[in-house]
2 protein chains.
Amino acid sequence: MAEEAAVRAQAETVRRLKQDKADPDEIAKEVAKLLEMKAQLGGDEGKHKFVLKTPKGTRDYSPKQMAIRERVFDAIITCFKRHGAEVIDTPVFELKETLTGKYGEDSKLIYDLKDQGGELLSLRYDLTVPFARYLAMNKITNIKRYHIAKVYRRDNPATTRGRYREFYQCDFDIAGQFDPMIPDAECLKIVHEILSDLQLGDFLIKVNDRRILDGMFAVCGVPDSKFRTICSSVDKLDKMPWEEVRSEMVGEKGLSPEAADCIGDYVQLHGGLDLIEQLLQDPKLSQNKVAKEGLGDMKLLFEYLGLFGITGKVSGGCWSLAQAAQRGCGVSFSGEIPKVPEHDPGPPALGKLLEQGGLDQMISRGPFQPQPFYDGLWGSFWGQDSSSIPQTHLASEEKIRTTETQVLVASAQKKLLEERLKLIAELWDAGIKAEVLYKKNPKLLNQLQYCEDTGIPLVAIVGEQELKDGVVKLRVVATREEVNVRRESLVEEIRLRTSQP
Amino acid sequence: MAEEAAVRAQAETVRRLKQDKADPDEIAKEVAKLLEMKAQLGGDEGKHKFVLKTPKGTRDYSPKQMAIRERVFDAIITCFKRHGAEVIDTPVFELKETLTGKYGEDSKLIYDLKDQGGELLSLRYDLTVPFARYLAMNKITNIKRYHIAKVYRRDNPATTRGRYREFYQCDFDIAGQFDPMIPDAECLKIVHEILSDLQLGDFLIKVNDRRILDGMFAVCGVPDSKFRTICSSVDKLDKMPWEEVRSEMVGEKGLSPEAADCIGDYVQLHGGLDLIEQLLQDPKLSQNKVAKEGLGDMKLLFEYLGLFGITGKVSGGCWSLAQAAQRGCGVSFSGEIPKVPEHDPGPPALGKLLEQGGLDQMISRGPFQPQPFYDGLWGSFWGQDSSSIPQTHLASEEKIRTTETQVLVASAQKKLLEERLKLIAELWDAGIKAEVLYKKNPKLLNQLQYCEDTGIPLVAIVGEQELKDGVVKLRVVATREEVNVRRESLVEEIRLRTSQP
């Protein structure tokens, strides 16, 4: 304690010397003395080579990155609220047991907490399982909610491509018993609104219903035992041509060439409502009960999307959604920004931004049983860390401000600290966003430079003469225009000059 | 896969039966069949007794709790932005090493992550160490930032009194080299603004400078070796009378009665600027260099607080801040809501809501060395989970809405789903917050009831006649008033009727 007090006293000495702008040699001497005192006090503490870094796959958000993140989240939250969603929050960790059995192979990517006595815990892997747990625990059968929070995956992410181990998901879910396809259509409308609002470029919303694929496999004679593996081949249609997918099916996976060709005839078809109509007329598929139900629902969905006026950006029968569709039942979708070749090798192309699948399987599965069934939906903005998107696609052009400060309270002469403090308190109390430099006698040039650096648009300058005249000199940083404003009108004047159009 | 498909098909059958409101006996039969199929599929999975709960010391936030939390955070963030703060974010976990040696005895409360290969990680314990790490890592010497995020402590919290293992901190820090007491005064102004804005009741901001206490101990002849333990006795002055504190000092801690009485003469004094002036005149204390510096700074601080017009709620020389002051150097403060006896045994009294201490010790200590010194500050809203405060103190009276929906799009007759969807898309596209029930033919009564339940103020009703006339019937839920509005004026009319005054 006594040694610590001595170190503190010495630190204070150094601080004062720096503040008083003392002789640099003297400062150096006292700093050396301080470091020595600390080294003695800290023992070996200071010698250990310590690497200053964030954990692997994580990062800090700087003020600039936060300004962008806020803008993106604002757009998303505004849309969710426009659609009447409530918001919930859940703990960052769950009982390990709650997550067990929910993610199949990916379970190995879950972060477990150390057993420090008490319950075994894991960091949440997504927001869907916590949501399902929340519903089951509170016996909630009807809710439309959003949840924006970080999730954790011990993946080997390519941070250069915006993938992290800690990243945000923005989930919007509708849970409840409803007439078919109405909530599904609203989810797609939401996706359409958000992607339009963010102005990330042209986009395409891909839609599929896993029942169509199930029926297709059945009528093509795919053996039950091969459903899953053939499904994952189909999933690759986005990345490789049909011929390669076919040879994988036949060569690697032992599917008969006839079955493969039959699948090929279907999965090479593309379109919207027209494709659905065509498949409903298909002599084989229309005989399959499951496929017919799926196609019927897709037709209804497109009808509603037509009423919403968004069919132009929606593509039906997107077979490469097979994998995603496995997780839920019913309709699944993804929203994608097509790759723009000229961006290569610059900012990474934006791939899949979101996907959606049925909630009912999730909630009715495993430890949450027995629980009622939900015809719920989930639409989650994910893929790349949503907040990293605009880094490359939104922020390239414009200068981004990291504060909203409207005015800097400044003075041209010395000995006016008290007057600056009095004025800024008036502004704060009137709700004006204002700053002041924490110096007794700052130079006017430094104060103006601070405004240039941080984008503050106005400077309120107090001086001897202005005080006598009961005015404040208001300077517009961009134009260097200066006007004297009566002190009692200052707040109104600042509001007028900084109001958003 | 085949079995899973069969379960899915069966689940779909059940869903359809429910949707079609089929014979309950038939539904029950199919549900039983489904559960049996699942039991076979899941093996033992379903039999294990699973407890649905959040981890100990954590909780979910329901939509209502979130609505309150948003309101509190809005007030805090608005104030931080008014003072020109930037915002940063850091990962929820840090390298274990980064937290090592920062929290003394409390280190045992840190949540460690399991060693799953790779780096050893711990959940953040506060936002201050991550901030210090951020500054050191990015070589930032000047910043004014806020950070609002959850922190984690394996404490045995009294959740009934609003203390949790996962809780929010709202930190505002100013780091940099500045003239003394200007940023300190701004921090207190911020505390004053936020506590006023939240309208939690009367409050008192307690201020102290540890150098005064250090000097006091020195002139009273407290041996260096007893500084820390006597400090923790002084800290109890809030909870017990001086006589008990004195007997602890003398009896348990072996301080001489003379030294104890000397301390007693000082720590029983209370006041603001007057107390500071009195102590500056004190013959013993004014001879002590450290105490004199502390008192000088406190005097300056009160001068600035006077310019800000907030001395009325600030009390100086608050000796029970001793413990908090140990962590930093220079000024420390706490904001407290005095206990209100009539609340007992109702909602818990609000104690200390925040505290502040010097940043420089934190940044210059341990692994962040060698780094420049900061005369930084930190003001953190903490104590009870900030977000739990209003639960008992804000929310008691009023009905809280969990959505912002302005209008429900409804119909009085059947077969108007398409018209409802067309109308709501128009409203969404115009930025109106609107909802529609996900039923093909909902009863008007149910639609009106939904508005009553959720607080939606307006209903836009489409019907055959209205469609023919090119109007929409707008109903005010509270007054049951109904007016026909021309379709092209509907957006404007809704805006007018739901605009905040």
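Small disclaimer: the values here were computed from a predicted structure and weren't measured.

All names here are of chain A. Pairing within the open sheet is mixed, and its five strands lie in the order S12-S11-S13-S14-S15. Only two strands of the sheet have a single neighbouring strand rather than two, namely strand S12 (434-435) and strand S15 (482-486). As paired strands, strand S13 (residues 458-462) and strand S14 (residues 471-476) are joined by four bridges and run antiparallel to one another. Bridging across to S14, Ile461 finds its partner in Lys473.

A few words on the state of the cysteines. Within the structure shown, the criterion is met by two disulfides over all chains. Through a disulfide, Cys220 of chain A is tied to Cys262 of chain A; the S-S separation comes to 2.0 Å. Residues Cys220 of chain A and Cys262 of chain A are joined by a disulfide whose S-S torsion is about -70 degrees; by sign, that bridge is left-handed. In this pair, Cys220 of chain A sits in the loop between helix H7 (210-219) and helix H8 (227-234) while Cys262 of chain A sits in helix H10 (residues 257-267), placing the two residues 42 residues apart along the sequence. A residue is classified by how much of its surface remains accessible, and Cys262 of chain A, at 11% relative accessible area, is buried. Its sulfur unpaired, Cys79 of chain B is 10 Å from the next cysteine sulfur, which belongs to Cys187 of chain B. Look at Cys79 of chain B and you get buried, because its relative accessible area is 1%.

Let us now look at the relation of the copies chain B and chain A. Of the two same-sequence chains, chain B is brought onto chain A (RMSD 0.1 Å, axial shift 0.0 Å) by a rotation of 180 degrees. In symmetry terms, the pair is related by a two-fold rotation axis. A shared interface surface links the copies, since 100% of the contact residues of chain B are contact residues in chain A too.

This next bit is on the environment of Ile263 of chain A. Structurally, Ile263 of chain A can be placed in helix H10. As a C-alpha pair, Ile263 of chain A and Pro442 of chain A span 179 residues in sequence and 76 Å in three-dimensional space.

Bringing the packing of aromatic side chains into the picture now. The tally for this structure, following the rule as stated, stands at 18 aromatic pairs over all chains. Both rings, one in Phe80 of chain A and one in Tyr146 of chain A, keep their centres 5.4 Å apart while their planes meet at 40 degrees; by these two values the pair is tilted. Of this pair, Phe80 of chain A sits in helix H3 (residues 63-82) while Tyr146 of chain A is found in strand S4 (residues 143-152), placing the two residues 66 residues apart along the sequence. Taking the centre distance of 5.7 Å and the plane angle of 55 degrees together, the rings of Phe93 of chain A and Tyr152 of chain B count as tilted. Of the two residues, Phe93 of chain A is situated in strand S2 (residues 93-95) and Tyr152 of chain B in strand S4 (residues 143-152); the pairing between them involves two chains.

This brings us to the interface of chain B and chain A. Each side of the interface is counted separately: chain B has 127 residues, and chain A has 127 residues. Summing both partners gives a buried area of about 11800 Å² for chain B against chain A, and 58% of it is carried by carbon and sulfur. Run the count over chain B and chain A and you get 22 salt bridges. Notably, a salt bridge pairs Asp89 of chain B with Lys150 of chain A, separated by 2.9 Å at the nearest N-O pair. At the surface where chain B touches chain A, the tally comes to 48 residue pairs in polar contact (both at pLDDT 80 or more). Taken together, the residues that form the side of chain B that touches chain A break down as 52 nonpolar, 25 polar and 50 charged.

Let us look at the confidence of the model for chain A. Residues shown with low pLDDT carry predicted positions that ought not to be read at fine detail. All names here are of chain A. Of all residues in chain A, 79% have pLDDT values of 70 or greater, and the mean over the chain is 81. Segment residues 43-47 is flagged for pLDDT under 50; beyond a separation of four residues in sequence, or across chains, it makes one contact in the model. This model gives residues 339-353 a pLDDT under 50, and the stretch forms 31 contacts once residues within four places in sequence are excluded. Scoring the predicted complex yields pTM 0.81 and, for the interface, ipTM 0.81.

The subject of this paragraph is the side chain of Asp173 of chain B. Summarising the element assignment, Asp173 of chain B is placed in strand S5 (residues 166-175). Within polar-contact distance, the side chain of Asp173 of chain B engages the side chain of Arg145 of chain B at 2.5 Å.

This part is about unusual backbone geometry. Even without glycine at this site, Met181 of chain A takes up a positive phi of about 75 degrees. Relative to the assigned elements, Met181 of chain A resides in the loop between strand S5 (166-175) and helix H6 (182-198). Look at Lys415 of chain B: it is not a glycine, yet its phi comes out positive at around 60 degrees. When you line up the elements, Lys415 of chain B lands in the loop between strand S11 (407-411) and helix H16 (417-429). Residue classification places Lys415 of chain B among the exposed residues on the basis of a relative accessible area of 74%.

Reading the values: the criteria
Residues numbered from 1 in each chain as written. Chains lettered and ligands numbered in written order. Predicted model: local features only at pLDDT ≥ 70, side-chain atom pairs only at ≥ 80, totals over all residues. Heavy atoms only, no water. Pairing = 2+ DSSP bridges. Helix = DSSP H or I, 4+ residues; strand = E, 2+ residues; numbered from the N terminus. Disulfide = S-S within 2.5 Å. Buried < 20%, exposed > 50% of the residue type's maximum accessible area, 1.4 Å probe, protein only. Least-squares fit on C-alpha atoms with pLDDT ≥ 70 in both. Contact = heavy atoms within 4.5 Å. Phe/Tyr/Trp six-rings, centres within 6.5 Å; stacked < 30°, edge-to-face > 60°. Buried area = accessible area lost by both parts, 1.4 Å probe. Salt bridge = Lys/Arg side-chain N within 4 Å of Asp/Glu carboxyl O. Polar contact = N/O pair within 3.5 Å; in protein donor to acceptor, adjacent residues only side chain to side chain. Nonpolar A, V, L, I, M, F, W, Y, C, P; charged D, E, K, R; others polar. pLDDT = per-residue confidence, 0-100.

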